[in-house]
Amino acid sequence: NFRRHPLEIPPPSEKDWIRDDEEDFFLQDPDRKCDALPQPFRIINKLVMQVFESAMEIIERREMLQDAQKLKVQPTKCFPTAKFQVTGRANCLAVSGKYMFVGLSVGLAAFNTCDYKDVCAWDAVKTEICAIRASDLGKECHVLLAVDEMGLVQLFCFQEESFRLIKVLNEVEDISKRSTCVEVVLSPGGDYAGVLLQGNTKAWLEIYQLPKDSWLMEMEKNPQAVAGLDCSERRPSCTSVALLLQESLVSANQAAAKLNPPVLLLTVKPPEPITGSRFESPLDALEKVGDGSMPGLGYNHLIKDFQWELQEAIFRSTYQEYLEAKGVIKEEIPRHATFHFLLPSQVLQVGPDMEIQPDVPAGIGVHWDGNHNFCMYLLKNQVDSDLKPDVVWPCAAPIACSAVSSCSRYLALAGEDATITIWDKHIGYPLSVTAIPEERFIRSIHFL
C-alpha cells in the first residue's frame, strides 16, 4: 500500500502554542521541572534577579573606573618634616637664605630652616603683619618689607639673628593724609623696592633704592649694636615683659638712626584721563611742532574743554534716571597697577650716566588696570612731578595681567580680549600670540 494523495503539513493549532513558562524548557533541569515556583513567587524571583544584575553592572563600572585611575600618574604625597610653633595666628611667610620669616597677628618671627628652631621675634608695636617680602643681601644679611593691618610698610634689616627697624615708608603725621599699601615688591638682590599706595581718591607707585652696601659696611663696623639688639628682641619672659619692650624700642630707634634710609627714586602716577586741548587755535598747535611738519588745519582736530563738558552734560541728562539708580559718582576711583623690575635690555636703553650691572635691575615695567599701554621707566632719580615713561609698549586691548621671565628677557601680556602675547624685550619682537577660546577672562599668568 502506498499513499496516493500528496503529504500535507497540518496547520498549527492553539494547543500547539508554546506557553510562556515552557519557552526555556530546554534550559531547565529535568530534576527540577516539577519544582517550578508558582505565582507570585516567580515575579519576586524576577525582581530579585534584576536587582542583582543591576548591582553587578554598577560593580563592573566602578572596577573599570578604578583600573583607569590606577593607570594615571598619581601625585606625590608630601608630609611635613617639622612643625613650627608660633605665637598667635600666622598670616604670611617668606623665605630668604636659611631663614623663614612669618607674619603673625602680634608681629614678626624668624625661624632657622636648618635646625627648625625659633631664632627671634619682633613684637614691639603689637601689630598684625599681613604681607612679607624678603631678599638676601649677602653676608648673612636680609632685607624685609612688612605690611601691617593699617597698610603701613615697615622696612627691616635682619642680621645676626635680630630684626632692625629702619623706616616706615608711608608714615605721615596727619592721619587724614595717610595712604595704605596695596602691594609691595622687592627686586632680586634687594637693590630696589616698589610700593603701590592708595589714598582717598588716587593711587600711585613709589620706587625706592635701598643702600644695601652702606648697610653692610655699617653692620661690619658696629657688630656690638647688632648683638645688643639681638639680646633685647628675643622672646621675653613673663617677669620682664615691660622692661624688655622698652629696651627693644630704644635699641630699634638707635639702630634706625645709624642705618641710612632708602632713597625715593620715582613716583609713578596713573595716566591722566583725556581732556580738552589747551590751544585756542590750530595755529597755536602748529607753533609747538618743532620739525615744521603740518598735522592739519582742520578745527575738528582740536577738542576744547567745553566740548567735553557739553558731551558729559548731554549724557547725564539723557541717562539721569539710570545714573541715579546706580549711584554713579564723579570722584576718581583708586586704581591698581602691576609692576615688574626689569634687567638692562636693548629696548630699555640706559644712559651713560648710569652704571650697568647685568644682575641689577635698570628699570620697571608698569601697567594700570584698564589701560592699553605697558610703560617702562629707568631707575634713576627723577624728581619731576609729571613723570613720563621712557618706553611705551601699546597693546590692542586693555592689559589684564602680565609676567616677566626670571632672565627678564621675555614679557607676557594678557589682554582683556583673552589674548596672550609673548614678547622678546631684547629685540622688541613678538614671539607668539595665543587666543584663549570662549572669550574667557585671564586673571594671572606665570613663567615656569
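So, a few notes on the structure that sits alongside this text. (Residues numbered from 1 in each chain as written. Predicted model: local features only at pLDDT ≥ 70, side-chain atom pairs only at ≥ 80, totals over all residues. Heavy atoms only, no water.)

1. What to know about the overall build of the protein chain
Inclusion rule: Runs of E in the DSSP output that reach at least two residues are strands. Runs of H or I that reach at least four are helices, and both are numbered from the N terminus. Only protein chains enter the accessibility calculation, which uses a 1.4 Å probe; a residue whose area is less than 20% of its type maximum is buried, one above 50% is exposed, and one in between is partly exposed. Contact criterion: two residues are considered in contact whenever any of their non-hydrogen atoms come within 4.5 Å of each other. Per-residue accessibility takes into account occlusion by the displayed protein chains alone, with areas from the Shrake-Rupley method and a 1.4 Å probe.
When helices and strands are tallied, the protein chain shows seven helices and 20 strands. Going through the 448 residues of the protein chain one by one, you find that 35% of them count as buried. Within the protein chain, counting contacts between residues at least 6 apart in sequence, those at least 24 apart form 50% of the total. Surface exposure of the protein chain reaches about 30100 Å², of which carbon and sulfur atoms provide 55%.

2. Observations concerning the sheet that holds strand β10 (residues 192-198)
Rule in force here: Whether two strands pair comes down to DSSP finding at least two bridges between them. Here an axis means a line fitted to C-alpha atoms, over the contact stretch when the element is a helix, while the angle between two N-to-C directions is reported on a 0 to 180 degree scale.
Spatial strand order, β9-β10-β11-β12: four strands in an open sheet with antiparallel pairing. Of all strands in the sheet, those with a lone pairing partner are β9 (180-186) and β12 (263-268), marking the two edges. Strand-to-strand, the axes of this sheet are offset by a mean angle of 20°, without reference to chain direction. One ladder, built from five bridges, connects strand β11 (residues 203-209) with β12; its direction is antiparallel. Its bridge partner being in β12, glutamate 206 is matched across the sheet by threonine 267.

3. Concerning the packing of aromatic side chains
Short version of the rule: Only centres within 6.5 Å qualify two rings of Phe, Tyr or Trp (six-membered ring in Trp) as a pair; their planes then separate them into stacked at under 30 degrees, edge-to-face at over 60, and tilted for everything else. By the criterion adopted, a ring carries a charge over it if an Arg CZ or a Lys NZ lies within 6 Å of its centre and within 35 degrees of its normal.
Scanning all chains against the criterion turns up nine aromatic pairs. Aromatic side chains tyrosine 99 and phenylalanine 158 sit 5.0 Å apart centroid to centroid with 70° between the ring planes, which places their arrangement in the edge-to-face category. With tyrosine 99 in strand β2 (residues 99-104) and phenylalanine 158 in strand β7 (residues 153-159), this residue pair connects regions lying 59 residues apart in the sequence. Exposure class is identical for tyrosine 99 and phenylalanine 158. Each is buried. Put simply, the rings of Tyr99, Phe101, Trp122, Phe156, Phe158 and Phe163 touch in pairs and so form one group of aromatic residues. The ring centre of tryptophan 204 lies 5.8 Å from the NZ or CZ of lysine 202, which sits over that ring.

4. Examining a nonpolar patch on the surface
Selection rule: Excluding any residue in a salt bridge, patches collect residues exceeding 30% relative accessible area, merging like charges within 9 Å and nonpolar Val, Leu, Ile, Met, Phe, Trp and Tyr side chains within 5 Å. Within this document, salt bridges are pairs made up of a side-chain nitrogen of Lys or Arg and a carboxyl oxygen of Asp or Glu, the two lying within 4 Å of each other.
A grouping of Phe41, Ile44, Val48 and Phe52 is seen on the molecular surface, where their side chains present a nonpolar patch of about 400 Å² in accessible area. For phenylalanine 41, the location among the structural elements is in helix α1 (residues 41-71).

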